[in-house]
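Fold and geometry: a report
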Amino acid sequence: MQNGESSGEGNASWHASLALVEMFRDLPAEQLAELERQLVTLPIRRGEVLFRQGDPEDALYIVGSGRFAVDVGDRRIAEIGIGAPIGEIAFFADRKRTATVTALRDSIVFKLSHADFIALADRHPGILKPIAVTLARRLADTLATDGEPHLSHPRTIAVVAAGRTPLEPTFRDELTKALSGFGQIAIVDSTMLRASFPDDPEFLSEAVTSWLNRQEARYHFVLYFTDLDLTAFNRKAIRQADQILLVGLHRECAERAPELNPSERFAFEIHPASAFRLVLLHKTKAPISGTSRWLEHRPVAHHHVVIGDK
């Protein structure tokens with residue numbers, strides 16, 4: 001970890017507080033607590049669809065941890081993160097879902113069923129006014145943007161060895177240094193995460209997911225430096241990443257096209273080609289040839305970088 005928080009809080013549990021959600025935070029404390037008791041916590045894996053456009057409305061969801069894409073048809077209209085409600089239009093208007101919502105990384109949501117909310121509103125009808133005010137304000141803000149989507153830039157990056165050679169320590173240092181000029185960096189690797197969560201070797205618990213997603217909220221960039229083998233950490237890091245940086249030594253292509261290693265194959269299974277960048281490292285400045293062999297199995301944007309002797 002760099003420039004900030006210690007990983008010592010790793011096993012702290014996440015508290016589901018509706019006070020973080022704009023439409024609920026002005027409710028009286030007793031009513032807020034009553035709503036919170038109705039919440040169901042659901043872990044959502046990267047790529048999992050929470051609901052689809054046209055589905056019947058059954059619940060309101062609140063992002064406790066992670067990030068979700070909101071798509072209408074083939075168009076992405078927004079990305080939403082921690083504390084944001086999901087599906088509030090259909091929930092409060094009693095309509096079918098107006099968009100498809102998909103997890104962009106391993107996430108956690110809190111589910112409030114329609115039946116539980118209606119029962120509470122019958123007992124406390126005053127809760128409807130602050131909710132209506134908030135929804136009207138959000139609608140006005142949406143109209144003011146002229147329909148432009150609210151998309152985020154890549155901030156969580158998994159650095160994955162390409163081919164058969166482990167990641168170069170020099171590249172790790174130089175990448176961290178370069179990105180630090182744009183903001184604070186959180187560095188996560190398998191050694192650090194194992195030390196923080198010794199009782200969860202597969203990194204599948206809600207505690208791990210919440211902790212990793214909180215790093216995204218606290219830092220400008222989160223860099224996941226993966227292992228050479230396809231470990232549990234690599235799987236988790238790749239699922240958490242907005243972008244995959246494949247890093248290989250260019251000299252590997254001298255005799256034949258470097259095959260995808262297991263971690264690369266896993267990454268291509270769950271990410272589109274647009275999420276990848278291939279970085280080919282050179283020890284010295286010299287004429288470049290043979291790059292097409294790398295691209296044979298990795299048809300993505302690529303860059304050449306000289307490290308070591310210049």
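Since the structure is predicted, the reported quantities are computational estimates derived from the model, not experimental observations. The written sequence of each chain sets the order in which its residues are numbered from 1. Owing to the predicted nature of the model, reporting of local features is limited to residues with pLDDT of at least 70; listing and counting of side-chain atom pairs is limited to 80 or more, with chain, interface and lining totals taken over all residues. No hydrogens and no water enter the side-chain calculation; it runs on all heavy atoms of the structure.

The next thing to look at is the environment of Ile307. Among the structural elements, Ile307 can be located in the segment after β14 (301-306). Expressed as a C-alpha distance, the spacing of Ile307 and Leu281, which sit 26 residues apart in the sequence, is 6.6 Å. Put simply, DSSP marks the helices as runs of H or I at least four residues long and the strands as runs of E at least two long, and each gets a number from the N terminus on.

A word on the sheet that holds strand β2 (residues 49-51). Strands are treated as partners if at least two bridges between them are detected by DSSP. As summarised here, the arrangement of the four strands in space is β2-β7-β4-β5, forming an open sheet in which the pairing is antiparallel. Here the strands that pair on one side only, and so sit at the sheet edges, are β2 and β5 (75-80). Sheet twist, expressed as the average angle between the axes of neighbouring strands with direction ignored, equals 30°. Strand direction decides the pairing type here: β2 and strand β7 (residues 100-103), joined by two bridges, are antiparallel. Note that in β7 the partner of Val49 across the bridge is Thr102. In this description, a line fitted to the C-alpha atoms serves as the axis of each element, helices being fitted only across the stretch in contact, and the angle between N-to-C directions of two axes falls anywhere from 0 to 180 degrees.

So, on to the environment of Ser196. With respect to the element layout, Ser196 can be found in helix α6 (residues 190-196). Considered as a pair, Ser196 and Val208 are twelve residues apart in the sequence and their alpha carbons are 9.0 Å apart.

Taken together, six strands build an open sheet; the order of strands is β10-β11-β9-β12-β13-β14 and the sheet is parallel. On the outer flanks of this sheet lie β10 (185-189) and β14, each paired with one strand and no other. With direction set aside, neighbouring strand axes in the sheet form an average angle of 25°. Contacts are assigned to residue pairs that have any heavy atoms within 4.5 Å of one another. In the packing of helix α5 (residues 169-180) onto the sheet, the strands contacted are β9 (156-161), β10, β11 (221-225), β12 (243-249) and β13 (276-282), and the crossing angle to β11 comes to about 175°.

This part takes up the pairing of strand β8 (residues 107-113). Counting buried residues along β8, five of its seven residues qualify, which places the element largely inside the surrounding structure. As defined by bridge partners, strand β1 (residues 40-44) adjoins β8 across five bridges and the pair is classed as antiparallel. Among the inter-strand pairings, Leu42 is bridged to a residue of β8, identified as Val109. Summarising the sheet, strand β3 (residues 59-65) and β8 pair through six bridges and their orientation is antiparallel. When the sheet's bridge partners are listed, Ser65 is paired in β8 with Ile108. With a 1.4 Å probe rolled over the protein chains alone, any residue whose accessible area is under 20% of its type maximum counts as buried; one over 50% counts as exposed, and the rest are partly exposed.

None of the figures reported here should be taken as evidence of function without further support.
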